Amino acid sequence: MSNEPKGTDRPASTRHHQGSGKLRHIRSEIRTRLRRLLDGGLRRRLRALASTAGHGIVRGSTGALGASGTAWIIWWIQQR
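Everything numeric here is computed off the predicted structure, so don't read it as measured data.

Novice: I tried to follow the overall build of the protein on my own but got confused; where do I start?
Specialist: Secondary structure assignment for the protein yields one helix and three strands. For the protein, the N- to C-terminal ordering of α and β elements is β-β-β-α. Within the protein, buried positions represent 8% of all 80 residues. Here the analysis covers contacts within the protein between residues at least 6 apart in sequence; of these, 3% occur between residues at least 24 apart. Accessible surface, the protein: about 7200 Å² in total, of which carbon and sulfur atoms supply 59%.

In structure tokens form, the structure reads like this:
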């Protein structure tokens, strides 16, 4: 539930959220929820996914470099 502070002309970014009987800024509430999510297994899964993607990029570029090198060697042999 969002409440606009009364008597002020504040922008929407300073709206408050009432949770657990306390009036808090929406941003701090979102930050707290994200921190809770990331403290669990999600952080581990994201790291594993990033690592897998990184390995895939390295393997792909190594394969392309190897193919390019092989093609250059074949071309060089044919020129002799």
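After that view of the structure, there is still more to cover.
Novice: Explain the packing of aromatic side chains to me, please; I cannot follow it from the model alone.
Specialist: Two descriptors summarise a pair of aromatic rings, namely the distance from one centre to the other and the angle between the planes of the rings. This structure, assessed with the given rule, holds one aromatic pair. On the numbers, 6.3 Å between centres and 10° between planes, the contact of Trp72 with Trp76 is stacked. Pair noted here: Trp72 and Trp76 are both in helix α1 (residues 26-79), with a separation of four residues, about one helical turn.

Novice: Teacher, can you tell me more about a nonpolar patch on the surface here?
Specialist: Side chains of Ile30, Leu34, Leu37, Leu38, Leu46 and Leu49 sit close together on the surface and give an oily, nonpolar patch of about 560 Å² of accessible area. Within the secondary structure layout, Leu49 lies in helix α1. Given a relative accessible area of 57%, Leu49 falls into the exposed group.

Novice: What is the right way to look at the confidence of the model for the protein in this model?
Specialist: Interpretation of the predicted coordinates at a detailed level should be avoided for regions scoring low in pLDDT. Chain-level pLDDT for the protein is 76 on average; 68% of the residues reach the 70-or-more range. The least confident element of the protein, judged by mean pLDDT, is strand β2 (residues 16-19) at 53; the most confident is α1 at 85.

What counts, and at which threshold
- Residues numbered from 1 in each chain as written.
- Predicted model: local features only at pLDDT ≥ 70, side-chain atom pairs only at ≥ 80, totals over all residues.
- Heavy atoms only, no water.
- Helix = DSSP H or I, 4+ residues; strand = E, 2+ residues; numbered from the N terminus.
- Buried < 20%, exposed > 50% of the residue type's maximum accessible area, 1.4 Å probe, protein only.
- Contact = heavy atoms within 4.5 Å.
- Areas by Shrake-Rupley, 256 points an atom, 1.4 Å probe, with all protein chains shown as cover.
- Phe/Tyr/Trp six-rings, centres within 6.5 Å; stacked < 30°, edge-to-face > 60°.
- Patch = residues over 30% accessible without salt bridge, like charges linked within 9 Å, V, L, I, M, F, W, Y side chains within 5 Å.
- Salt bridge = Lys/Arg side-chain N within 4 Å of Asp/Glu carboxyl O.
- pLDDT = per-residue confidence, 0-100.

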